[in-house]
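Spelled out from the first residue to the last, the chains are:
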Amino acid sequence: MLRPVTCCGETVFFFPQEQVTFFFCGMWRPINRHADTKAESCRSSSLVANMVVLLMVLGLALAFLVTCSALLRWNEVRYRKKSLPPGTMGWPVFGETTEFLKQGPSFMKNKRLRHGSLFKSHILGCPTVVCMDPELNRFILMNEGKGFIPGYPQSMLDVLGRSNIAAVHGSLHKIMRSVMLGLVSPPLIRDQLLPKIDEFMRSYIDDWNGRVIDIQEKTKEMALMSALKQIASIETGPVSKGLRTEIFKLVLGTLSLPINFPGTNYYRGLKARKKVVSMLHGIIEQRRISRCSYNDILDHLLKIDPSSKVKLDDEQIIDLMIALIYSGYETVSTTSMMAVKYIHDHPRVLDELRNEHLKIHNEKSCKDAIDWNNYKSMTFTRAVILETLRMATVVNGVLRKTTQDMEMKGFTIPKGWRIYVYTREINYDPFMYPEPLTFNPWRWQESNLDSHQHFMLFGGGSRMCPGKELGTAEIATFLHYFVTRYRWEEVGGDKILKFPRVQAPNGLHIRVWEN
C-alpha cells in the first residue's frame, strides 16, 4: 500500500520496507536499502585499505629518511677528527663523487667558500683532502717521496695497469721515467718521430675540403692514430680500428666509480683493457718473430740491453705503451679541438697564426716535410697551445697519496689518504694572468710565464709530463697544415663542457673549405 507524505513541498511515496521510490525535482529514483548498505560497506573497506597503504608508504618514506640521515651522520662521525681539515664526506662508499663529477668547478668553489682552500671530502671512492692553495700545491708536487706518492683512483690504476708510469713510484718510477724520456727526447723527436707526425698529419686532413666534420671526433681519431703510428707503426686498418674501439672504452673507464658490474664504465674499461693488452702482446710477439726493424718506440723498448739496469718485462712494456697512448690521446685531441675553437672565435689570433705558418710554407716546396728548425720557429703557435691549455684547463689537477701522517697548515692528513692537488684555479689567477678570461696568446711571448714557479700546465716536480714536447710538436704540425690549407666556420652552436673532461657532448661541427 502506498502511503503519501508531503515533505518540503514534494510528495514522497513509501513502498513496503525493501524499496522506496521518491520524486525529487520532477524525477523518480528507486532506492534499494540492501544495495546501499553493501556499497557503503565496500567504500569503508576501500577507505581502510587506502589508509593502510598510505600509512605503509609514509612509514617506508620515514624509515628511508631516517636511514639516510643515520648513514650520512655515521659517515661524518667516522671521519671526524679534530686534526682533519673541515669539510663533509657525503654517503658511505659513494661519498660526494656524484656532486663532484656533475658540478665540477662550482662544487670546488662552494667548498672553498665554506671551508677554506684545504678541505676534506670523499670522491672517486677515497677519503680525500682537496688542496687549492698554490704554495701548498707546489710543495706537494716538489716533494714526492717525502710522504707523498701517486694516488690515482682505483679505477685508473686497474684500467691503465699497475705498472703504468703514473702509478709506480720509487726506483721503478725512476727506471720507467728514464725509459720514457729516452723515447720522447728532442733528438728522437727531431730525427724519427717528427717525420712520422708530418706524414700522418698531411694525409689525415687531406680530404676535409667541402665537408661538415665533427672536429672533436676527428681530433680524437687523429691523436690516437698518430700515437699508434709513432709507438708501433700501426697504420689504418683492422688492427687500428680494433684498438681504437677498445681504447675509447678504456679512457671512459679511468674516471669512474670502481664498481665492476655490467653496464658501468668501469666494467667496460676493464674488458677493453684485456682486449688491448691481448692485441699489444700479439704485436710484440710478431716483432720478436719477424726481427724486422720499424724504427719506432716499440723497437726501442724491445732493444733495451738485457744486462742494463733499465730493464722492463712484457707487462711493464705494455703498460708503458698504454700510458703513452692514453696520455697522448687525451691531451693532444682535446687541445687540438679547443685550439680550433679558440682561434676561430678570435680572428686576430688566427691571422697571426696563419701568417707564421704561411711564412714557413712559402719557404719550402709542397713536398717538403716540417723539420726541427721549422718547428722551433713556431713561437706564436706554441703560445696559442699554452693559452689553449690554460683557458680550457685540459688537466684540472693531480692526485697524491700520503705514506705517513702529514702536517699541512695546522691540520694532519692521515696516512693513506688522497690529496687532490687542484691546479685549475691558478689558471684564472688575475695576478699571474691579467684578464684571465680573455684568450690572449701574446701573454706567453711578453713574459716567461712557463718558467713561473706556479706554472703547472704540465704538472710539476719529478712528475712533470715527459711527453710535453712531443705533444706540442703534434699539435703544432696539425695546426700548420690545417690553417695553411683550410678555412672553416662553426655550424650548430654546439655546447662544450669543461669538467670532468673537456668535451662537446653533441660534437663540435665545422664546415671546411680550402683557402
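A brief structural summary. (Residues numbered from 1 in each chain as written. Predicted model: local features only at pLDDT ≥ 70, side-chain atom pairs only at ≥ 80, totals over all residues. Heavy atoms only, no water.)

**Quick notes on the pairing of strand S6 (residues 126-131)**
The test is simple: Burial classes follow relative accessibility: with a 1.4 Å probe on protein chains only, a residue under 20% of its type's maximum area counts as buried, one over 50% as exposed, and anything between as partly exposed. Numbering of helices and strands runs from the N terminus, with a helix taken as a DSSP run of H or I at least four residues long and a strand as a DSSP run of E at least two residues long. One bridge is not enough; two strands pair if DSSP finds at least two bridges between them.
When you tally the buried positions in S6, you get six out of six residues, the bulk of the element. Of the two faces of S6, the one carrying Cys126, Thr128 and Val130 and the one carrying Pro127, Val129 and Cys131 are both buried. The pairing of strand S5 (residues 118-123) with S6 spans six bridges and is classified as antiparallel. In the sheet register, serine 121 faces S6, and the bridge partner there is threonine 128. From the end of S5 to the start of S6, which pair antiparallel, there are two residues, and leucine 124 there has a positive phi angle of about 55°.

**Description of helix H4 (residues 134-142)**
What counts is decided by this rule: What the arc measures is the spread of directions leading from the helix axis to the C-beta atoms. Whether two residues are in contact is decided by their heavy atoms, any of which lying within 4.5 Å being enough.
Three or more residues of H4 are buried, namely Leu136, Asn137, Ile140 and Leu141. An end-on view of H4 places all buried positions within 135° of arc, on one side of the element. Looking at the buried residues of H4, the elements they touch are S5, S6, strand S7 (148-150), strand S9 (397-402), strand S10 (406-408) and strand S12 (418-422).

**Some details on the packing of helix H15 (residues 379-392) against helix H17 (residues 468-485)**
Spelled out, the test is: Only C-alpha atoms enter the line fits that serve as axes; for helices the fit covers just the stretch in contact. Angles between N-to-C directions range over 0 to 180 degrees. The cut-offs work like this: below 35 degrees is roughly parallel, past 145 is roughly antiparallel, 65 to 115 is roughly perpendicular, and the gaps in between are oblique. Here a crossing is taken to be left-handed if its near helix is turned anticlockwise relative to the far helix by less than a right angle, and right-handed if that turn runs clockwise. Only Asp, Glu, Lys and Arg are considered charged, only Ala, Val, Leu, Ile, Met, Phe, Trp, Tyr, Cys and Pro nonpolar, and every remaining residue, Gly among them, polar.
Taken N-terminus to C-terminus, the directions of H15 and H17 make an angle of 110°; their axes are 10 Å apart at the nearest point. The orientation of H15 relative to H17 falls into the category roughly perpendicular. Along this stretch, H15 crosses H17, giving a crossing that reads as right-handed. Seen from H15, the contacting residues are Thr381, Arg382 and Ile385; seen from H17, they are Glu469, Thr472, Ile475, Ala476 and Leu479. A class-by-class count of the residues in the contact of H15 with H17 yields four nonpolar, two polar and two charged.

**Some words on the nonpolar core**
Nonpolar side chains tend toward joint burial in soluble globular proteins. Under the convention used in this document: Residues grouped as a nonpolar core are buried Ala, Val, Leu, Ile, Met, Phe, Trp, Tyr and Cys residues, joined through side-chain atoms within 4.5 Å.
Grouped together as the largest cluster of nonpolar side chains are 137 residues, with contacts concentrated most on Trp208 and Phe478. Among the elements that line this core, the one with the most residues is helix H12 (residues 314-345), at 17 residues. Residues within four places of phenylalanine 478 in sequence aside, it is in contact with Met201, Ile205, Trp208, Ile215, Met222, Ser336 and Val340.

**A short note on the side chain of arginine 287**
Counting through the fold element by element, arginine 287 comes out in helix H10 (residues 265-290). Arginine 287 has contacts with Ala232, Ser233, Cys292, Tyr294, Asp296, Leu298, Asp299 and Leu302, leaving out every residue within four places of it along the chain.

**Considerations on H17**
Operational definition: Multiplying one less than the number of residues by 1.5 Å gives the expected span of a helix.
Taking 1.5 Å per residue, 18 residues should reach 26 Å; H17 reaches 26 Å between its end C-alpha atoms and fits that length. Among the 18 residues of H17, 16 are classified as buried, and the element is accordingly described as predominantly covered.

**Considering the pattern of salt bridges**
Oppositely charged side chains may form a pair once their charged atoms are brought near each other. Operational definition: We define a salt bridge as a contact between a side-chain nitrogen of Lys or Arg and a carboxyl oxygen of Asp or Glu at a distance within 4 Å.
Using the criterion set out here, one finds 29 salt bridges in the structure. Ionic pairing is found between arginine 202 and aspartate 198, a salt bridge with its closest N-O pair at 3.0 Å. Of the two residues, arginine 202 and aspartate 198 are both situated in helix H7 (residues 186-204); the distance of four residues between them amounts to about one turn of the helix. Note on arginine 202: relative accessible area 24%, which makes it partly exposed. Here the salt bridges share partners, and the residues they tie into one network are Arg287, Asp296, Asp299 and Lys303.

**Some details on the sheet that holds S6**
Read across the open sheet, the five strands follow the order S5-S6-S12-S9-S7; overall the sheet is mixed. Across the chains shown, the open sheet's two edge strands, defined by having one partner strand only, are S5 and S7. Direction aside, neighbouring strands of the sheet carry axes that sit 35° apart on average. The sheet contact formed by S9 and S12 spans five bridges and is antiparallel. The residue bridging lysine 401 from the neighbouring strand is arginine 418, located in S12. Sitting on the sheet, helix H3 (residues 105-115) touches S5, S6 and S12, and the angle it makes with S5 is about 135°. Against the sheet, H4 touches S5, S6, S7, S9 and S12, its axis set at about 120° to S12.

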